[in-house]
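# Geometric and topological summary
Listed below, chain by chain, are the residues.
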Amino acid sequence: MPEALSDAELARSLPGGFVSSHADVNGTRLHYVMGGRGRPLLLLGGWPQTWWEFHKIMPPLAERHQVIAVDLRGMGGSDKPSSGYDKKTMAADILGLVRRLGHDRVDIAGHDIGGMVAYAFAANHPAHARRIALLDIAHPDERFYNYSLLPRPGRQQVDGDIHAGPGRFLWWFAFNQVPGLPERLLAGRSRELIDWMCDYLVEDPASIGDRDRDIYARAYSTPDAIRAGNAWYRAFGQDIADEKTYGRVTAPLLGLGGGEGGHLLLQAVLPDKGTDVEVVLVPDSGHYIPEEQPELVVEHLTRFFA
């Protein structure tokens, strides 16, 4: 790998006056990158990435918003404690950061694990949630227990090749449940995982470049980082139990889904989860839509958060 750039250097490389900072909130220390002016818009990323997954959309969004891209508990430059990876606790982390920055009501766009946290924020802290966008993910519910542990022939694989069939075989949901083993297998070799995930879950693998993959690989190179990322998945059982206690979210919800299953999932799930729901297909995109189709994502978020 080439020489690593710090979060501070990466933040400064983006137009919009972005600065890397930390805040102690809810018993943990969160890293975030902030820039721009206007109504606050938080960006929450997912596995196996960091705040950098939003680097293509942050500068244009900063023309109208104070953009705050956060490393969640366990991610990137944030602390990696031994517990607290259920999405309700992580939403409380975000509320603590919002208050620390002097805000009351905020907009949030969350991708992957970050989308689960964004939804939990709206469900648990409705007075502080203005509008919420979920990018290619829904909060865990009972449907998660129905995901297959075997790829379906002709559906999720063709002649044994899981890259060849339509649909997604979510093997990492199970792999990340295993305590201890992923750290031993992946420590120092996380680039192999990053490349596989990027190549499998995107429409065009070139949309996530070599430099970006290096940034993510470094963020998940240590046993602690791998363990913390896996903990988001090991908390799904608690997340499902918590979700059963939530009422319908009253903040307007926007679901942006990629063409390989994310859009269909959001269409099936979101209408029953909120009182004001819109679901939009992002064409020519897989799972990592902020990097695959940044212009369309900016267009939809700018309209929704206006």
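Residues numbered from 1 in each chain as written. Predicted model: local features only at pLDDT ≥ 70, side-chain atom pairs only at ≥ 80, totals over all residues. Heavy atoms only, no water.

### With respect to helix α11 (residues 262-269)
Taken together, the buried positions of α11 are Gly262, His263, Leu266 and Val269. The arc that holds every buried residue of α11, seen down its axis, measures 145°, which confines them to one face. Of the surrounding secondary structure, the elements contacted by the buried residues of α11 are β6 (129-135), β7 (253-258) and β8 (277-282). (Buried < 20%, exposed > 50% of the residue type's maximum accessible area, 1.4 Å probe, protein only. Helix = DSSP H or I, 4+ residues; strand = E, 2+ residues; numbered from the N terminus. Arc of directions from axis to C-beta. Contact = heavy atoms within 4.5 Å.)

### Notes on the pairing of strand β2 (residues 28-35)
Among the eight residues of β2, six are classified as buried, and the element is accordingly described as predominantly covered. Where strand β1 (residues 19-25) and β2 come together, seven bridges link them in antiparallel fashion. In the sheet register, Asp24 faces β2, and the bridge partner there is Arg29. Relative to strand β4 (residues 65-71), β2 runs antiparallel, the two being bridged by five bridges. Bridging from a neighbouring strand, Gly35 pairs with Val67 of β4. (Pairing = 2+ DSSP bridges.)

### Looking at the sheet that holds β2
Spatial ordering of the open sheet is given by β1-β2-β4-β3-β5-β6-β7-β8, a layout of eight strands whose pairing is mixed. Every interior strand has two partners, whereas the edge strands, β1 and β8, have only one. Sheet twist, expressed as the mean angle between neighbouring strand axes with direction ignored, is 20°. In the packing of helix α4 (residues 113-124) onto the sheet, contacts are made with β3 (39-44), β5 (106-111), β6 and β7, and the angle to β5 comes to roughly 145°. (Axes fitted to C-alpha atoms, helices over the stretch in contact; angles between N-to-C directions.)

### Describing the packing of aromatic side chains
Applying the stated rule across the entire model yields 16 aromatic pairs. Aromatic pair Trp51 and Trp52: ring centres 5.4 Å apart, planes at 90°, arrangement edge-to-face. Here Phe173 and Tyr233 contribute two aromatic rings whose centre-to-centre distance is 5.3 Å and whose plane-to-plane angle is 70°, an arrangement assigned as edge-to-face. Of this pair, Phe173 sits in helix α5 (residues 171-175) while Tyr233 sits in helix α9 (residues 223-234), and the two are 60 residues apart along the sequence. The exposure classification of Phe173 matches that of Tyr233, with both residues buried. (Phe/Tyr/Trp six-rings, centres within 6.5 Å; stacked < 30°, edge-to-face > 60°.)

### With respect to unusual backbone geometry
Look at the link from Trp47 to Pro48: it is a cis peptide, with omega at -10°. Position of Pro48 relative to the elements: it lies in the loop between β3 and α2 (58-61). Backbone geometry at Asn26 places phi at a positive 50°, although glycine is not the residue there. Locating Asn26 in the fold gives a position in the loop between β1 and β2. Residue classification places Asn26 among the partly exposed positions, given a relative accessible area of 42%. Of note in this structure, Asp159 is not a glycine but carries a positive phi near 50°. Following the sequence through the fold, Asp159 ends up in the loop between β6 and α5. Taking relative accessible area as the criterion, Asp159 reaches 82% and is therefore assigned exposed.

### Some words on the nonpolar core
Of all hydrophobic cores here, the largest spans 98 residues; its most connected members are Leu43, Met58, Ile94 and Leu301. Tallying contributions element by element places α4 first for this core, with eight residues. For Leu43, the contacting residues outside a window of four places in its chain are Phe54, Ile57, Met58, Leu61, Val67, Ile68, Ala69, Val70 and Ala109. (Core = buried A, V, L, I, M, F, W, Y, C linked by side-chain atoms within 4.5 Å.)

### A closer look at the pairing of β6
In terms of burial, β6 is a largely internal element, six of the seven residues being buried. Relative to β6, β5 runs parallel, the two being bridged by six bridges. In the sheet register, His111 faces β6, and the bridge partner there is Leu135. With α4 bridging β5 and the parallel β6, this β-α-β connection has right-handed handedness. In terms of strand pairing, β6 meets β7 through four bridges, oriented parallel. Bridge assignment links Leu134 to a residue of β7, and that residue is Gly255. (Right-handed = clockwise from strand over helix to strand, strands pointing away.)

### Here's the deal with the packing of helix α7 (residues 190-201) against helix α8 (residues 210-219)
Relative to each other, α7 and α8 sit at 130°, their axes nearing to 9 Å. For the element pair α7 / α8, the angle class is oblique. By crossing handedness, the relation of α7 to α8 is classed as right-handed. Packed against α7, whose contacting residues are Ser190, Arg191, Ile194, Asp195, Cys198 and Asp199, the element α8 presents Asp210, Arg213, Asp214, Tyr216 and Ala217 at the interface. (Parallel < 35°, antiparallel > 145°, perpendicular 65-115°, else oblique. Left-handed = near helix turned anticlockwise from the far one by under 90°.)

### Some points on the pattern of salt bridges
If you walk through the whole model with that rule in mind, you get 16 salt bridges. Note that Asp210 and Arg191 form a salt bridge whose closest N and O atoms lie 2.6 Å from each other. With a gap of 19 residues between them, Asp210 in helix α8 and Arg191 in helix α7 connect regions that are remote in the sequence. Of the charged contacts in the structure, one is a salt bridge between Asp199 and Arg213, with a shortest N-O distance of 3.0 Å. With Asp199 in helix α7 and Arg213 in helix α8, this residue pair connects regions lying 14 residues apart in the sequence. (Salt bridge = Lys/Arg side-chain N within 4 Å of Asp/Glu carboxyl O.)

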